[in-house]
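Architecture and fold: a report
The primary structure of each chain is shown beneath.
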Amino acid sequence: IMYSPEYPLPEYLKFEELTPFMKLEEVKKLHPDEWVLVEVLDTDTYNRPKEVRLIAYSRNRDDIYDRLKDTEGVDTFQFFTGGIPKKGYAAIFYV
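Going along each chain's sequence as written, the residues are numbered from 1 onward. Local features are withheld for residues below a pLDDT of 70 in this predicted model, meaning they are given only at 70 or higher, and side-chain atom pairs are given and counted only at 80 or more; totals for whole chains, interfaces and linings count all residues. Only heavy atoms go into the side-chain values, all of them from the structure, while hydrogens and water stay out.

1. Some thoughts on unusual backbone geometry
Definition in use: In this description a helix means any DSSP run of H or I spanning at least four residues, a strand means any run of E spanning at least two, and both kinds are numbered starting from the N terminus. Relative accessibility decides the category of a residue: with a 1.4 Å probe and only protein chains considered, values under 20% of the type maximum give buried, values over 50% give exposed, and everything between is partly exposed.
Look at Asp-33: it is not a glycine, yet its phi comes out positive at around 55 degrees. On the secondary structure map, Asp-33 appears in the loop between α1 (24-30) and β2 (35-43). For Asn-47, which is not glycine, the phi dihedral falls at a positive 65 degrees. Checked against the element boundaries, Asn-47 lands in the loop between β2 and β3 (49-58). For Asn-47, a relative accessible area of 59% translates into the label exposed.

2. Re the confidence of the model for the chain
For clarity, the cut-off: pLDDT is defined as a per-residue confidence score from the predictor, taking values between 0 and 100. The contact criterion used is simple: two residues touch if any of their non-hydrogen atoms lie within 4.5 Å.
Averaged over all residues, the pLDDT of the chain equals 79, while 76% of them reach at least 70. Predicted confidence is poor over residues 1-5, with pLDDT under 50, and the contacts of this stretch with residues over four places away or in other chains come to twelve contacts.

3. A short note on the pairing of β2
Cut-off, in case you're wondering: Strand pairing is assigned whenever DSSP detects at least two bridges linking the two strands.
In terms of residue burial, β2 counts as a mostly covered element, since seven of its nine residues are buried. Relative to β3, β2 runs antiparallel, the two being bridged by eight bridges. Within β3, the position partnered with Trp-35 by the bridge is Ser-58. Following β2, the chain reverses through five residues before pairing antiparallel with β3; Asn-47 in that reversal takes a positive phi of roughly 65 degrees.

4. A look at the sheet that holds β3
The test is simple: Note on definitions: angles span 0 to 180 degrees between N-to-C directions of axes, and those axes are lines fitted to C-alpha atoms, for helices only across the stretch in contact.
Overall, antiparallel pairing links the four strands, which are arranged β1-β3-β2-β4 in an open sheet. Looking at the sheet topology across the chains shown, the edges are occupied by β1 (21-23) and β4 (76-80). Put simply, the sheet's adjacent strands are angled 45 degrees from each other on average, direction ignored. Two elements, β2 and β4, share five bridges in a ladder whose sense is antiparallel. Bridged to Val-36 within β4 is Phe-79.

5. A short note on the pattern of salt bridges
Where charged atoms from two side chains of opposite charge approach closely, those side chains can pair. Worth spelling out the cut-off: A carboxyl oxygen of Asp or Glu within 4 Å of a side-chain nitrogen of Lys or Arg is what we treat as a salt bridge.
Inspection of the entire model under this criterion finds six salt bridges. For Lys-28, the salt bridge goes to Glu-25, with nearest N and O atoms at 3.4 Å. Taken together, the residues Lys-28 and Glu-25, both in helix α1 and three residues apart, mark about one turn of the helix. Close ionic contact of Glu-39 with Arg-53 constitutes a salt bridge, the shortest N to O distance being 3.4 Å. Of the two residues, Glu-39 is situated in strand β2 and Arg-53 in strand β3; the sequence distance between them amounts to 14 residues. Of the two residues examined, Glu-39 and Arg-53, each falls in the buried class.

This is how it looks when you write it as structure tokens:
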């Protein structure tokens, strides 16, 4: 999906700051160890996000969930950019 003057943003995409299209790997490098919410613009043959637009990022996952409420009708992907805990460590998530 491309947005330009000929193809304007849909009304449901009213984010405060729209970022340029980025590769998913770029987002991971720019926001290490953070929760990220992106709009999926292009996928690979396995339907994995390839090109995205950054919507929100935070060290707190709840911030991402709050922002997710504003993205109804948008193909989104949320993920943590940090690594898997080292052997002997555990991660606990609460809802």
